[in-house]
Amino acid sequence: MMTPIQEAYALMQQQPESNIRIIVELLQRMTPVAQEQSPRPFKRTGLSKGLIHFNADFDEHFDDLNAEISEMFNGGIA
């Protein structure tokens, strides 16, 4: 049985560089920001208290990412 880190490493080795860049950007955005504390949860994520930092306009542009997310996970099949 692989640890989650081992499994992630194995999966990353199979990804094209363009996908790895997207994954790295996602991980950077998920890095906790200690100074920021959101008084209300995000509309779509339900997260609060600065656990994950999203841009202020995240909710407004969330649906714009559908095509990119579909391509990343489904090879462009929506």
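Residues numbered from 1 in each chain as written. Predicted model: local features only at pLDDT ≥ 70, side-chain atom pairs only at ≥ 80, totals over all residues. Heavy atoms only, no water.

1. Here we look at the environment of Met12
Moving on, step 1. Mapped onto the secondary structure, Met12 falls in helix α1 (residues 4-13).
Moving on, step 2. Sequence spacing of Met12 and Ile23 is 11 residues, and the spatial spacing of their C-alpha atoms is 9.1 Å.
Moving on, step 3. Each residue touching Met12, except ones within four places of it in the same chain, is listed here: Ile20 and Ile23. (Helix = DSSP H or I, 4+ residues; strand = E, 2+ residues; numbered from the N terminus. Contact = heavy atoms within 4.5 Å.)

2. Considerations on the pattern of salt bridges
Moving on, step 1. Across all of its chains, the model carries 2 salt bridges by this definition.
Moving on, step 2. Notably, a salt bridge pairs Glu25 with Arg29, separated by 3.1 Å at the nearest N-O pair. Residue Glu25 and its partner Arg29 are located together in helix α2 (residues 17-30), separated by 4 residues, close to a single helical turn. (Salt bridge = Lys/Arg side-chain N within 4 Å of Asp/Glu carboxyl O.)

3. A closer look at the side chain of Asn19
Moving on, step 1. As for its position among the elements, Asn19 is in helix α2.
Moving on, step 2. Residue Asn19 is classed as buried on the basis of its relative accessible area of 13%. (Buried < 20%, exposed > 50% of the residue type's maximum accessible area, 1.4 Å probe, protein only.)

4. Describing the confidence of the model for the chain
Moving on, step 1. Chain-level pLDDT for the chain is 75 on average; 67% of the residues reach the 70-or-more range.
Moving on, step 2. Confidence, read as mean pLDDT per element, is least for helix α3 (residues 58-61) in the chain (72) and greatest for α1 (91). (pLDDT = per-residue confidence, 0-100.)

5. Quick notes on a nonpolar patch on the surface
Moving on, step 1. A cluster of nonpolar side chains, namely Leu26, Leu27 and Met30, defines an oily patch on the protein surface of about 280 Å² accessible area.
Moving on, step 2. Among the structural elements, Met30 can be located in helix α2.
Moving on, step 3. A relative accessible area of 38% means that Met30 is categorised as partly exposed. (Patch = residues over 30% accessible without salt bridge, like charges linked within 9 Å, V, L, I, M, F, W, Y side chains within 5 Å. Areas by Shrake-Rupley, 256 points an atom, 1.4 Å probe, with all protein chains shown as cover.)

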